[in-house]
Amino acid sequence: MAEELDTWRERALAVGCASLVDAMMRTHGHRATLPALASPTPERALFGPVVTMQFLPTRDDLPAKDGAPVKDRGFGDVFAEAVRDAPPGTVLVMSSGGYPDVSHAGGVKLSRAQRHQLAGVLVDGQLRDFAELAAMDFATWCRGEAVRWGGDSVMPAAANVTVEVAGVTIVPGDYVYVDSAGGVVIPAASLEAVLAEAETIVRDDEGYQRKIESGDMT
């Protein structure tokens, strides 16, 4: 699995975001494109299979499955559940809980991602501590940097459930690609087809460019 994931990552990086988006549009009819996001290390593209953390607006009496209040389940508890069976190279996706403009985590909380060898995190909200995140060995993409704690607005509520990010449905097991241009969400069952179609798009574009340069096309 690790070698296969490395090969898929190399192929995704080689074609880039725009070609992957075009390939998804040819393969599926649903919305799959993510907008350009912020990163403490924008040169690091992010690719990998998804695990999720669902955030909800903070509420002090919402019961969890075991009867304990959701608010008493800390970030670490939900994170541990999300990554329990995740192989190295996985991407943690965190939904906004309706508050994309507040902090959902920071350097200390997300240092767990490095310990679990995640490829990175995609957050539909803001993050604190960009300088700390830049020093870690994973890619981080989010809505921007925050300085204020956001726990009075949002709380981690569930792991590995379907979430919405920027108007796109993301299911655990999907693959995401994000770079400075934007991002795309690819269903696992379609990954090979989308990568192959993206490679065809790149070859066709290169052929058109050669024809334009040679004067064969106007």
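This is a predicted model, so every value here is computed, not measured.

Turning our eyes to something else, we now look at the overall build of the protein chain. On a plain count of helices and strands, the protein chain comes out with 5 helices and 12 strands. The C-alpha atoms of the protein chain give a radius of gyration of 18 Å, which matches the 17 Å a tight globule of 218 residues would have. Along the three orthogonal principal directions, the C-alpha set of the protein chain runs to about 70 × 35 × 30 Å. Relative to its full complement of 218 residues, the protein chain shows a buried share of 48%. In the protein chain, the share of contacts with a sequence separation of at least 24, taken over all contacts with a separation of at least 6, comes to 73%. Carbon and sulfur atoms make up 50% of the accessible area of the protein chain, which totals about 10,600 Å². Considering the protein chain, the positive charge centre built from 19 side chains and the negative charge centre built from 31 side chains are found 5 Å apart.

This paragraph deals with the pairing of strand β4 (residues 120-123). Because side chains alternate across β4, one face comprises the buried residues Gly 120 and Leu 122, and the other comprises Val 121 and Val 123, equally buried. Handedness of the crossover is the feature at issue here: the chain leaves strand β3 (residues 91-94), passes through helix α3 (residues 107-115), returns alongside β4, and the resulting connection is right-handed. As paired elements, β4 and strand β6 (residues 139-141) share 3 bridges and run parallel to each other. Residue pairing for β6: Leu 122 is matched across the bridge by Trp 141.

Right, let's talk about the environment of Trp 8 for a bit. Note that Trp 8 resides in helix α1 (residues 2-27). The class of Trp 8 is buried, set by a relative accessible area of 14%. The spatial distance from the C-alpha of Trp 8 to the C-alpha of Glu 192 is 8.2 Å, given a sequence separation of 184 residues.

Attention shifts here to the packing of helix α2 (residues 75-83) against α3. Where α2 contacts α3, the two axes come as close as 11 Å, and the packing angle between them is 20°. In terms of orientation, α2 and α3 fall into the roughly parallel class. Relative to α3, α2 is oriented so that their crossing is right-handed. Where α2 abuts α3, its residues Phe 75, Gly 76 and Phe 79 lie against Lys 109, Leu 110, Arg 112 and Ala 113. In terms of residue class, the contact of α2 with α3 is built from 4 nonpolar, 1 polar and 2 charged.

Size it by volume and the largest pocket reaches roughly 320 Å³. Along the wall of the largest pocket there are 22 residues; nearest its centre are His 104, Lys 109, Trp 149, Gly 150 and Gly 151. Where the lining of the largest pocket is concerned, the elements lending two or more residues are α3 and β8 (154-159). Taken together, the residues of the lining of the largest pocket break down into 9 nonpolar, 8 polar and 5 charged.

Now for a negative patch on the surface. A contiguous patch of negative charge on the surface is contributed by Asp 22, Asp 204, Asp 205 and Glu 206. Topologically, Asp 22 is positioned in helix α1. Residue classification places Asp 22 among the partly exposed positions, given a relative accessible area of 35%.

Let us now look at α2. Within α2, burial applies to Phe 75, Val 78, Phe 79, Ala 82 and Val 83. For α2, the arc enclosing every buried residue in end-on projection is 120°, short of the 170-degree limit, so these residues lie on one face. Tucked into the core, α2 has its buried residues touching β2 (46-57), β3, α3 and β8.

As a further point, take α3. For α3, the set of buried residues is Gly 107, Leu 110 and Ala 113. Angularly, the buried residues of α3 cover 85° about the axis, an arc narrow enough to put them on a single face. Residues Val 108 and Arg 115 are exposed on α3 and point more than 90 degrees away from its buried face. On its buried face, α3 sits against α2, β3, β4, β5 (126-127) and α4 (130-134).

Here the focus is the packing of aromatic side chains. For the coordinates displayed, the defined rule picks out 3 aromatic pairs. With 6.2 Å between their ring centres and 20° between their planes, Phe 75 and Phe 79 make a pair best called stacked. Of the two residues, Phe 75 and Phe 79 both sit in helix α2, 4 residues apart, roughly one turn of that helix. Accessibility assignment for this pair places Phe 75 and Phe 79 in one class, buried. Following the ring pairs from residue to residue traces out a cluster consisting of Trp 8, Phe 47 and Tyr 175.

Here is what the cut-offs are and how they apply
- Residues numbered from 1 in each chain as written.
- Predicted model: local features only at pLDDT ≥ 70, side-chain atom pairs only at ≥ 80, totals over all residues.
- Heavy atoms only, no water.
- Helix = DSSP H or I, 4+ residues; strand = E, 2+ residues; numbered from the N terminus.
- Rg over C-alpha atoms; globule rule 2.2 N^0.38 Å.
- Buried < 20%, exposed > 50% of the residue type's maximum accessible area, 1.4 Å probe, protein only.
- Contact = heavy atoms within 4.5 Å.
- Areas by Shrake-Rupley, 256 points an atom, 1.4 Å probe, with all protein chains shown as cover.
- Lys, Arg positive; Asp, Glu negative; His and termini not counted.
- Charge placed at Lys NZ, Arg CZ, Asp CG, Glu CD.
- Right-handed = clockwise from strand over helix to strand, strands pointing away.
- Pairing = 2+ DSSP bridges.
- Axes fitted to C-alpha atoms, helices over the stretch in contact; angles between N-to-C directions.
- Parallel < 35°, antiparallel > 145°, perpendicular 65-115°, else oblique.
- Left-handed = near helix turned anticlockwise from the far one by under 90°.
- Nonpolar A, V, L, I, M, F, W, Y, C, P; charged D, E, K, R; others polar.
- 1 Å grid on protein atoms, 1.4 Å probe; cavity = no way out; pocket = protein on both sides within 12 Å on 5 of 7 lines; lining within 4 Å.
- Points joined across faces, edges and corners; volume = space filled by probe spheres on them.
- Patch = residues over 30% accessible without salt bridge, like charges linked within 9 Å, V, L, I, M, F, W, Y side chains within 5 Å.
- Salt bridge = Lys/Arg side-chain N within 4 Å of Asp/Glu carboxyl O.
- Arc of directions from axis to C-beta.
- Phe/Tyr/Trp six-rings, centres within 6.5 Å; stacked < 30°, edge-to-face > 60°.

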